[in-house]
Amino acid sequence: MRIIIVGAGLSGLMAAQSCVQAGHDVIVFDKGRSVGGRLATRRVGTAVLDHGAQFFTVREAAFQSHVDAWISAGVAREWCRGFGADDGHPRYVGANGMTSIAKHLAIGLDIRCSSLVFSMSRVESEWHITTDDGVVHVADRVILTAPLPQSFSLMFSAGLEMPADLRRIDYDRTLGLLVTLDSSQHQVPSPGGLQNPDEVFSFIGDNTAKGISESPALTFHANPAWSLQHFEDSTEDIHALLLAAAQPWLGSAVITESQVKKWRFATPQNLWPDACWVDETNTLVIAGDAFAGPRMEGAALSGLAAASAVCH
Ligand SMILES: Cc1cc2nc3c(=O)[nH]c(=O)nc-3n(C[C@H](O)[C@H](O)[C@H](O)COP(=O)(O)OP(=O)(O)OC[C@H]3O[C@@H](n4cnc5c(N)ncnc54)[C@H](O)[C@@H]3O)c2cc1C
């Protein structure tokens, strides 16, 4: 079968690998310049910073087997077993940042980055997928893995309905601050992560302690309430507010560079009860982290569920 997957985040990449292994012809489109979606790593000089997902956990054996394979391939490793107290549960990271995992999964796949899927339509038994260069791509099966409001607009372009409860799922926003520092004299203790340390931040990550950055670099994520309150402020105002909020955590280290990152669709606020949604023709599947859990594991398992739904 010809299968088109929209989105080269973790969900789309897992789905694509699984469909290719089942012998199908797969093309993945992503509007971003590179693969990974919310697995996002940025280089600033000699610093490397994860600015989307910070670490991941494993609850299901089905995901553990993939994580074990990533560890064997050298693209993921354990960071720690808790921030503060050791709770015995591994926190994993990408070996050179979270995008290491996405780049690994992308090997051997036909992925078209910088390609926005603009619209889709059902023409007899085929799907016609139009990208923003005006080209129409034909497929037998389609998997949509974009955040749900973005998948909804594609469904709308095809005159298709989405269940109302699916359409209502909204996402928390995240405002992030990336800083590089002149020294490691900051206030983020070993092993390099702070969860909900104050009224502004939900996570502060030390990318050097995490093992991905040669030079000192911190990632600050504002919590959902703070991010919602300030999301529409100007970038300059957000930057100034985040820098002021970050100051107590910097110790005697001085910022050498800083930038703001805005995530409109960071994490789903509620979940669909199944691991993916399949349309009545069994040829269109919607997947992503709003299905099997609002985290990397959920995105991965939903992608796998989508692949088995279309490849049956
Ligand atoms: C700030 C932040 C912190 C997080 N922290 C953690 C954490 O610590 N641990 C954890 O487990 N999870 C965390 N998460 C959540 C985790 O990143 C996600 O659950 C997971 O990466 C989602 O993967 P996905 O494939 O479902 O979606 P995405 O990664 O969003 O992939 C969807 C892709 O679809 C593409 N796309 C959208 N529309 C179109 C279109 N029309 N045409 C073409 N391409 C399109 C997008 O460019 C994107 O690449 C965090 C997320 C954020 C944003």
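Reading the values: the criteria
Residues numbered from 1 in each chain as written. Predicted model: local features only at pLDDT ≥ 70, side-chain atom pairs only at ≥ 80, totals over all residues. Heavy atoms only, no water. Disulfide = S-S within 2.5 Å. Salt bridge = Lys/Arg side-chain N within 4 Å of Asp/Glu carboxyl O. Buried < 20%, exposed > 50% of the residue type's maximum accessible area, 1.4 Å probe, protein only. Domains from an automatic or database assignment. Contact = heavy atoms within 4.5 Å. Buried area = accessible area lost by both parts, 1.4 Å probe. Helix = DSSP H or I, 4+ residues; strand = E, 2+ residues; numbered from the N terminus. Core = buried A, V, L, I, M, F, W, Y, C linked by side-chain atoms within 4.5 Å. Near = heavy atom within 4 Å. Polar contact = N/O pair within 3.5 Å; in protein donor to acceptor, adjacent residues only side chain to side chain. Areas by Shrake-Rupley, 256 points an atom, 1.4 Å probe, with all protein chains shown as cover. Nonpolar A, V, L, I, M, F, W, Y, C, P; charged D, E, K, R; others polar.

**Details of the state of the cysteines**
As enumerated under the stated definition, the model contains zero disulfides in all. C19 forms no disulfide, and the closest cysteine sulfur to it belongs to C311, at a distance of 3.5 Å.

**Focus: the pattern of salt bridges**
On inspection of all chains with the given rule, the structure shows 11 salt bridges. Measuring nitrogen to oxygen at the nearest pair gives 2.7 Å for the salt bridge that ties R81 to E78. Note that R168 is salt-bridged to D165, the shortest N-O span being 2.7 Å. When its relative accessible area of 59% is taken as the criterion, R168 is described as exposed.

**A few points about the domain arrangement of the protein chain**
By the assigned domains, the protein chain splits into domain 1 (2–39 + 98–169 + 272–311) and domain 2 (171–268). The partner domain 2 presents six residues to the 10 residues of domain 1 that form the contact. Of the roughly 730 Å² buried between domain 1 and domain 2, counting both surfaces, carbon and sulfur atoms make up 68%. Applying the counting rule to domain 1 against domain 2 returns zero salt bridges. Breaking the side of domain 1 that touches domain 2 down by element, the ones donating at least two residues are α4 (148–157) and α8 (289–292). Of the residues forming the side of domain 1 that touches domain 2, the biggest block, three residues, is contributed by α4.

**Re the nonpolar core**
Ranked by size, the top nonpolar core spans 41 residues in total, and within it L10, L13, F56, W70 and I101 carry the most contacts. Elements represented by at least two residues in this core include exactly β1 (2–6), α1 (10–21), β2 (25–29), α2 (61–72), α3 (99–106) and α9 (296–311). No other element matches α9, which puts 10 residues into this core. Each residue touching W70, except ones within four places of it in the same chain, is listed here: L10, M14, F56, F63, V75, A76, I101, H104 and L105.

**Focus on the site of the ligand**
Taken together, 33 residues sit near the ligand, with D30, R38, F55, V117 and D289 positioned nearest. Contacts to the ligand include R295, whose backbone N or O atom sits 3.3 Å from an oxygen atom. With respect to the ligand, the backbone of M296 contributes an N or O atom lying 2.8 Å from an oxygen atom. A total of 1,000 Å² of accessible area belongs to the ligand in isolation, and the protein chains cover 91% of it. Looking at the shell around the ligand, its residues break down into 15 nonpolar, 13 polar and five charged. In terms of domain composition, the shell around the ligand takes at least three residues from each of domain 1 (2–39 + 98–169 + 272–311) and domain 2 (171–268).

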